Amino acid sequence: MLAFLALFQATSSAGHPGTFDFVELAQLAQSGGLSTALAQNLHWFGSSDHTAMLLFWAAFLGFAVKTAVVPFHTWLPATYAEASSETTMLLTGAMSKMGVYGFLRILLPIFPQQMQQAMKPLLWMAVATIVLPAFAAWAQKDLKRTFAYSSINHLGYCVLGICVAAQLTGSDAGLAQEKAAALTGVLVQMFSHGLTAATLFWFIALLERRSGGLRGINDFGGLRKIVPVFSGLMGIAIFASLGLPGLNGFPAEFLIFKGAFPLAQWASSIAVLGLLMTAVFLLTVIQKVFSGPVNPKWEAMPDLTLTERLALLPAIALMFVLGLYPQLITGMVHSTVTQWVMNLNPGMKF
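About the thresholds
- Residues numbered from 1 in each chain as written.
- Predicted model: local features only at pLDDT ≥ 70, side-chain atom pairs only at ≥ 80, totals over all residues.
- Heavy atoms only, no water.
- Helix = DSSP H or I, 4+ residues; strand = E, 2+ residues; numbered from the N terminus.
- Rg over C-alpha atoms; globule rule 2.2 N^0.38 Å.
- Buried < 20%, exposed > 50% of the residue type's maximum accessible area, 1.4 Å probe, protein only.
- Contact = heavy atoms within 4.5 Å.
- Areas by Shrake-Rupley, 256 points an atom, 1.4 Å probe, with all protein chains shown as cover.
- Lys, Arg positive; Asp, Glu negative; His and termini not counted.
- Charge placed at Lys NZ, Arg CZ, Asp CG, Glu CD.
- Salt bridge = Lys/Arg side-chain N within 4 Å of Asp/Glu carboxyl O.
- Patch = residues over 30% accessible without salt bridge, like charges linked within 9 Å, V, L, I, M, F, W, Y side chains within 5 Å.
- Axes fitted to C-alpha atoms, helices over the stretch in contact; angles between N-to-C directions.
- Parallel < 35°, antiparallel > 145°, perpendicular 65-115°, else oblique.
- Left-handed = near helix turned anticlockwise from the far one by under 90°.
- Nonpolar A, V, L, I, M, F, W, Y, C, P; charged D, E, K, R; others polar.
- Core = buried A, V, L, I, M, F, W, Y, C linked by side-chain atoms within 4.5 Å.
- Expected span 1.5 Å × (residues − 1).

Of the regular secondary structure elements, the protein chain holds 17 helices and 0 strands. For 350 residues, the compact-globule estimate of 2.2 N^0.38 gives 20 Å, and the C-alpha radius of gyration of the protein chain, at 22 Å, lies within 12% of that figure. Taking the principal axes of its C-alpha atoms as reference, the protein chain extends roughly 75 × 40 × 35 Å. Within the protein chain, the proportion of its 350 residues that are buried is 56%. Considering only residue pairs separated by 6 or more positions, the protein chain has 80% of its internal contacts joining residues 24 or more positions apart. About 14800 Å² of surface is accessible on the protein chain, with carbon and sulfur atoms providing 66% of the total. Once the 18 positive and 14 negative side-chain charges of the protein chain are each reduced to a mean point, those two points are 5 Å apart.

As structure tokens, then:
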């Protein structure tokens, strides 16, 4: 808020109030008018560049907390674990994406030069947000906390895609195409992760109701023999989160890494470790909860009712639809992504 109050003050002049309009501020940034306005109306450091960088980091901090970028992520696992499952579904399905929206809609268009200047620390934070929560998820014993850290990990891919898209690449049309791929992947990932993560927390809620509130990874075992429909449908959601080809998690991650490798090879190479650990902890969940010997305590656990199956069916079906036909989203966002890339590379045609 303070950063945008400062921008409002900077863009005001005699007889004319300032503006909070995203589009107008982005146009000022592209034309160089924003730097001029900062130099004329804000004299904090004697340099508009220093002032703009301060405002960028202030806005970034707000969105980083909302997105749960490492190291500003510590609120999320505790919140997801302690909140009711319905609240957790809302938080992971919609609210956490507002931080990514801020990166895309505000930071990238209004502060592109500042993002380019801060590229190295931004990429390190993106890599940390992908890799470290994956290891943390592997160490958890509570299903909610496991998938809370998984949520941070998946949002890290969005941060990586946005950061590489902000890089200065000149007039290279090929790299502009890679930027477009990364940004398209970010938009697909926002929807895909919201769908998958909310569905997984839905399954955890159903499991809690059947077990009297238990949700420890080691509390179960062999559930696929007792509740095969529940185990099968939750397994689909887990494999979608893992990024299995044919399910909705794959196209987004593929596009992000396709765009990221040519633009930031070192960061993308380290981030691949996060993909590996995602597979490790998700397969561990499947092994300990659904496989192995049957825990006698749950031999009478009821499978999904017809109502529960019908309620879950649209979410599961959409995972397959988006996995096999991602153009359902990419086709709708293509023109938007193209415009973003052209704004980041003035004069570029591709």
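Another aspect to go through is the pattern of salt bridges. Taken as a whole and judged by the stated rule, the model has 5 salt bridges. Here Lys258 makes a salt bridge to Glu178, at a shortest N to O gap of 3.1 Å. Placement of Lys258 in helix α14 (residues 249-263) and of Glu178 in helix α11 (residues 173-211) is noted, with a sequence separation of 80 residues between them. Salt-bridge contacts for Glu308 lead to Arg210; the nearest nitrogen and oxygen are separated by 2.6 Å. With Glu308 in helix α16 (residues 306-324) and Arg210 in helix α11, this pair connects stretches of sequence that are 98 residues apart. The exposure classification of Glu308 matches that of Arg210, with both residues buried. Residues participating in the shared-partner salt-bridge network are Asp142, Glu208 and Arg215.

On to a nonpolar patch on the surface, then. Taken together, Phe320, Val321, Leu324, Tyr325 and Leu328 make up a surface patch of nonpolar side chains, about 480 Å² in accessible area. Take the nonpolar patch: its biggest share by element is 3 residues, from α16. Within the secondary structure layout, Phe320 lies in helix α16. Residue classification places Phe320 among the partly exposed residues on the basis of a relative accessible area of 36%.

Attention now goes to the packing of α11 against helix α17 (residues 327-344). Running from N to C, α11 and α17 point in directions that differ by 135 degrees, and their axes come no closer than 9 Å. Compared by their axis directions, α11 and α17 come out oblique. For α11 against α17, the interelement crossing comes out right-handed. Here Ala176, Lys179, Ala180, Leu183, Thr184, Leu187, Val188 and Phe191 of α11 lie close against α17, whose contacting residues are Ile329, Thr330, Val333, Val337, Trp340, Val341 and Leu344. When its residues are assigned to classes, the contact of α11 with α17 shows 12 nonpolar, 2 polar and 1 charged.

This part takes up the nonpolar core. Counting residues in each nonpolar core, the largest one holds 117 residues, and the members touching the most others are Phe147, Leu160 and Leu223. Residue contributions to this core peak at 15 residues, all from α11. Setting aside residues up to four positions removed in sequence, Leu223 forms contacts with Leu207, Pro228, Ser231, Val289, Phe290, Trp298 and Met301.

In this section: the side chain of Gln189. Looking at the secondary structure, you find Gln189 in helix α11. For Gln189, a relative accessible area of 2% translates into the label buried. Ignoring any residue separated from it by four or fewer positions in sequence, one finds Gln189 in contact with His154, Tyr157, Cys158, Gly194, Ala252, Glu253 and Ile256.

Let's shift gears to α14. Across its 15 residues, α14 extends 22 Å between first and last C-alpha, which sits within 8% of the 21 Å expected from 1.5 Å per residue. Those residues of α14 lying buried are Gly249, Pro251, Ala252, Glu253, Leu255, Ile256, Phe257, Gly259, Ala260 and Leu263. Packed against the buried residues of α14 are α10 (143-165), α11, α13 (228-242), α15 (265-290), α16 and α17.

Turning our attention to the packing of α13 against α15. If you want to describe how two helices pack, look at the angle between their axes and the distance between the axes. In contact at an axis separation of 10 Å, α13 and α15 are set at 170 degrees when each is read in the N-to-C sense. Judged on the interaxial angle alone, α15 and α13 are roughly antiparallel. In this structure, α13 uses Phe230, Ser231, Met234, Ile238, Phe239, Ser241 and Leu242 to contact α15, whose residues at the interface are Thr278, Ala279, Leu282, Leu283, Val285, Ile286 and Phe290. Along the lines of polarity and charge, the residues of the contact of α13 with α15 split into 11 nonpolar, 3 polar and no charged.

Right, let's talk about the environment of Leu54 for a bit. With respect to the secondary-structure elements, Leu54 resides in helix α4 (residues 48-67). The partly exposed category is assigned to Leu54, whose relative accessible area is 39%.

Glycine aside, residues mostly have negative phi, and peptide bonds are mostly found in the trans state. In this model, Val70 is joined to Pro71 through a cis peptide bond whose omega is 10 degrees. Summarising the element assignment, Pro71 is placed in the loop between α4 and α5 (75-82). Located in the positive-phi region is Ala68, a residue other than glycine, with phi close to 75 degrees. Positionally, Ala68 belongs in the loop between α4 and α5. Among the residues examined, Ala68 registers a relative accessible area of 1% and is labelled buried.

The values are spatial; any link to function lies outside them.
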